[in-house]
Amino acid sequence: MRTFFALWKRELSALFLSPIAYVMLMFFLLVTGCGFYWLVKENLELTRAVQGLMVVIWFCMLIVLPILTMRTFAEERKSGTFETMLTAPVHESCVVFAKFAGVLTFFLMMCAPTLLYLLIVRYLAPETAMLLDLGPIVGGYWVVGLIASAFIALGLLASAMTSNQIIAAISTFSIMSVIFFGGLFEPHLSKNPMVRDVGGYLSSALHLMEAARGIFDSRTIVLYLSLTCFFLFGTIKAVEARR
Amino acid sequence: MIEVKNLTKNFSGHTAVDDISFEVKRGEIIGFLGPNGAGKTTTMRMLTGFFHPTRGSVKIAGVDVFDQPVEARRHIGYMPESCPLYLDMRVDEYLTFRAQIKGVPSRTLRARRNAVKEQCGLTDTGRRIIGQLSKGYKQRVGLADSLLHDPDLLILDEPTAGLDPNQIREVRELIRQLAKRHTLLLSTHILPEAEMACQRIMIINKGRLVASDSTQNLQKRLLGDSLVTADILGDPAKIGAILKGMDGVDRVEHATLEGGWNHYRIDSAAQNVRSKIFDCAVSKGWKLRELHLECRSLEDVFVAITRGDAELEVN
């Protein structure tokens, strides 16, 4: 357990020590901030705006997660610290879980300021207080966390399979986009009801909108948790294989 | 301490390490020699469990490296070839982090960290960022890291590569200090280094172990010191006694060949043994059909062996 915390702390501090993380933080807060401002301004219905905010966060994940995860293993492979790490008395799975937890923590810290947006609305327009239910907000962030863990695990897998960070980032981005856009458009475009159904199940955007409306769907949880486990398992295997 | 059996590693078609077996006893200092690409690093990576072998087994302190990797690694301190470090961390931070993942207890962590820092001459550099240190200091940090959990066995892959002569001398001195308390396996392709520091030398070439002998034996056989072979016809007892009685002759080995010929291997510190043997043969009327000096430096031997011209028996 102590090993896990040491590795987790290292991962988190490595992120904070690199300029990319700050650029990502800035990008994320800028896009979500502008998005939310625009949503509130255009949509007077606040619950809709919260749903919209979740989708904006999802959109940012598409850029942010590949970049945050690309360095995890690829950089260590390139610099050779992969070797010192794995010749220390540590289990591969411990390294993988610690890196996963490190990036997830960073991402959640990144999301935390968006809660302020809701507080600001509440402060500026006290009459909307009754509109903002706690349930949908908690649900929305919960699903954001779930989606993030699945794709962070995917990013780790991509990073563990290459020593080139760009390749890791682009493969993560590609797979995420397929799921993102596939889920978003396919259900509406296809006439085949099967495709629409399956697309609907996989659509992260729909999951988020539903969660942010206060609907609790266990299928979503099962989907993302099993994806996370699957990708983490793959990552452990990739790390064990070395080359 | 190390037990290696039939270790083999294939990389998609080509064999990097080919059926190596050897043993290292506790407290030994082993020099692992070979040209670039001979399979030194691959072997070391298998010893530390970083690479899985295609065949064979490695036991460190009785623990199988591939069945119980974490347990085995507790016994090993390893410094890889280019000494990779987290360049964005401070020396103290890095050593603390490494001590934590190596399971050094929190109570003794600070004391242990300071002890290895002192051992490696890093006392004043705790606050420095590793990326800003010179190559020699980075090497020391790597060495300090490998010592943190006080391992029984230290495996150092080219610890002096890329250092300037002063730094090499410092690292060498450090290694000599370490050798007092740990079993040491260090790879190098710098021969004088191996000679100076190691008790036993293993030479690996094209993935095979081609020589393994104590440094004294290798030195005796290979350095300056001459080995003369002579084929003489006659009574072996008489000839043997005369040869042994010669000035500067340490040891005479005898073998009988067919046709009454005697084959002698004469170890001596003197340089002019051949002419003495010749003079003696003339005065006694012996028939002499071969008189040959085998005088080779470690470098010659290394070159010969690694080119495949010569084969030394593997112990």
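Note that this is a predicted model, so its numbers are computed, not measured.

### Some points on the overall build of chain B
Move 1: If you tally the helices and strands in chain B, you get 11 helices and 14 strands.
Move 2: Evaluated residue by residue, chain B yields a buried proportion of 52% over its 315 residues.
Move 3: For chain B, the share of sequence-separated contacts (at least 6 apart) that also reach a separation of at least 24 residues comes to 66%.

### A look at the interface of chain B and chain A
Move 1: Facing 27 residues of chain B, the contacting portion of chain A comprises 25 residues.
Move 2: Regarding the contact of chain B and chain A, the summed buried area is about 2500 Å², with carbon and sulfur atoms giving 58% of it.
Move 3: Per-residue buried area on chain B facing chain A is highest for Phe50(B), Arg73(B) and Ile101(B); these three make up 28% of the total on that side.
Move 4: Counting across the interface, chain B meets chain A through 3 salt bridges.
Move 5: For Glu83(A), the salt bridge identified is with Arg45(B), shortest N-O distance 2.8 Å.
Move 6: Our enumeration of links across chain B and chain A arrives at 10 residue pairs in polar contact (both at pLDDT 80 or more).
Move 7: Sorting the residues of the side of chain B that touches chain A by element identifies helix H2 (69-73), helix H3 (91-101) and helix H4 (106-119) of chain B as the ones contributing at least two each.
Move 8: Sort the elements by how many residues they give to the side of chain B that touches chain A and H3(B) lands first, with 4 residues.

### Considering the packing of helix H5 (residues 92-111) of chain A against helix H7 (residues 134-160) of chain A
For any two helices packed against each other, one specifies the inter-axial angle together with the distance between the axes.
Residue and element names in this part refer to chain A.
Move 1: Direction vectors running N to C along H5 and H7 enclose 140 degrees, while the axes themselves pass 10 Å from each other. Classified by the angle between their axes, H5 and H7 sit oblique to one another. In the packing of H5 onto H7, the handedness of the crossing is right-handed. In contact with Val96, Lys99, Phe100, Val103, Leu104, Phe107, Leu108 and Cys111 of H5, H7 contributes Tyr141, Val144, Gly145, Ala148, Ser149, Ile152, Ala153 and Leu156.
Move 2: Broken down by class, the residue content of the contact of H5 with H7 amounts to 13 nonpolar, 2 polar and 1 charged.

### Regarding the side chain of Ser146(B)
Residues and elements named next belong to chain B.
Move 1: Along the polypeptide, Ser146 turns up in helix H5 (residues 135-147).
Move 2: Accessibility expressed as a relative area gives 0% for Ser146, which makes it buried.
Move 3: Sequence-distant contacts of Ser146, defined by excluding residues within four places in its chain, comprise Gly77, Tyr78, Met79, Lys102, Pro151, Leu154 and Leu156.

### Quick word on unusual backbone geometry
All names here are of chain B.
Move 1: Positive phi outside glycine occurs at Asp19, with the angle close to 55 degrees.
Move 2: Position of Asp19 among the secondary structure elements: in strand S2 (residues 14-24).
Move 3: For Asp19, a relative accessible area of 40% puts it in the partly exposed group.
Move 4: Phi is positive for Glu158, which is not a glycine, with a value near 45 degrees.
Move 5: As for its placement among the helices and strands, Glu158 is situated in the loop between strand S7 (153-157) and helix H6 (165-179).

### A short note on helix H1 (residues 2-17) of chain A
Move 1: Taking 1.5 Å of rise per residue, the 16 residues of H1(A) would be expected to cover 22 Å, and the 22 Å separating its terminal C-alpha atoms lies within 8% of that figure.
Move 2: Residues of H1(A) that are buried include every one of Thr3(A), Phe4(A), Ala6(A), Leu7(A), Arg10(A), Glu11(A), Leu12(A), Ala14(A) and Leu15(A), and no others.
Move 3: Elements in contact with the buried residues of H1(A): helix H2 (19-42), helix H3 (46-79), helix H4 (81-86) and H5 of chain A together with H3 of chain B.

### A closer look at the packing of aromatic side chains
Move 1: Scanning the model with the defined rule gives 15 aromatic pairs over all chains in all.
Move 2: With 5.4 Å between their ring centres and 20 degrees between their planes, Phe50(B) and Phe51(B) make a pair best called stacked.
Move 3: Using a relative accessible area of 5% as the deciding quantity, one classes Phe50(B) as buried.
Move 4: Overall, the relative accessible area of 4% leaves Phe51(B) in the buried class.
Move 5: Members of the aromatic cluster, joined through ring pairs, are Phe73(A), Phe82(A), Phe11(B), Phe50(B) and Phe51(B).
Move 6: Of note, Lys99(A) hangs over the ring of Phe73(A), and the distance from its end group to the ring centre comes to 5.4 Å.
Move 7: Here Arg140(B) stacks its cationic end above the ring of Tyr137(B), 4.5 Å away from the centre of that ring.

### Topic: the pairing of strand S4 (residues 55-60) of chain B
Side chains on a regular strand alternate between the two faces of the sheet.
All names here are of chain B.
Move 1: Inspection of the sheet shows strand S1 (residues 2-11) paired to S4 by 5 bridges, in the antiparallel sense. By the bridge assignment, Ile2 is partnered in S4 with Ile60.
Move 2: Relative to strand S5 (residues 63-64), S4 runs antiparallel, the two sharing 2 bridges. Note that in S5 the partner of Lys59 across the bridge is Asp64.

### Topic: the environment of Lys25(B)
Move 1: Inspection of the secondary structure puts Lys25(B) in the loop between S2 and strand S3 (29-33).
Move 2: For the pair formed by Lys25(B) and Arg107(B), sequence separation is 82 residues and the distance between their alpha carbons is 32 Å.

Conventions used here
Residues numbered from 1 in each chain as written. Chains lettered and ligands numbered in written order. Predicted model: local features only at pLDDT ≥ 70, side-chain atom pairs only at ≥ 80, totals over all residues. Heavy atoms only, no water. Helix = DSSP H or I, 4+ residues; strand = E, 2+ residues; numbered from the N terminus. Buried < 20%, exposed > 50% of the residue type's maximum accessible area, 1.4 Å probe, protein only. Contact = heavy atoms within 4.5 Å. Buried area = accessible area lost by both parts, 1.4 Å probe. Salt bridge = Lys/Arg side-chain N within 4 Å of Asp/Glu carboxyl O. Polar contact = N/O pair within 3.5 Å; in protein donor to acceptor, adjacent residues only side chain to side chain. Axes fitted to C-alpha atoms, helices over the stretch in contact; angles between N-to-C directions. Parallel < 35°, antiparallel > 145°, perpendicular 65-115°, else oblique. Left-handed = near helix turned anticlockwise from the far one by under 90°. Nonpolar A, V, L, I, M, F, W, Y, C, P; charged D, E, K, R; others polar. Expected span 1.5 Å × (residues − 1). Phe/Tyr/Trp six-rings, centres within 6.5 Å; stacked < 30°, edge-to-face > 60°. Lys NZ or Arg CZ within 6 Å of the ring centre and 35° of its normal. Pairing = 2+ DSSP bridges.

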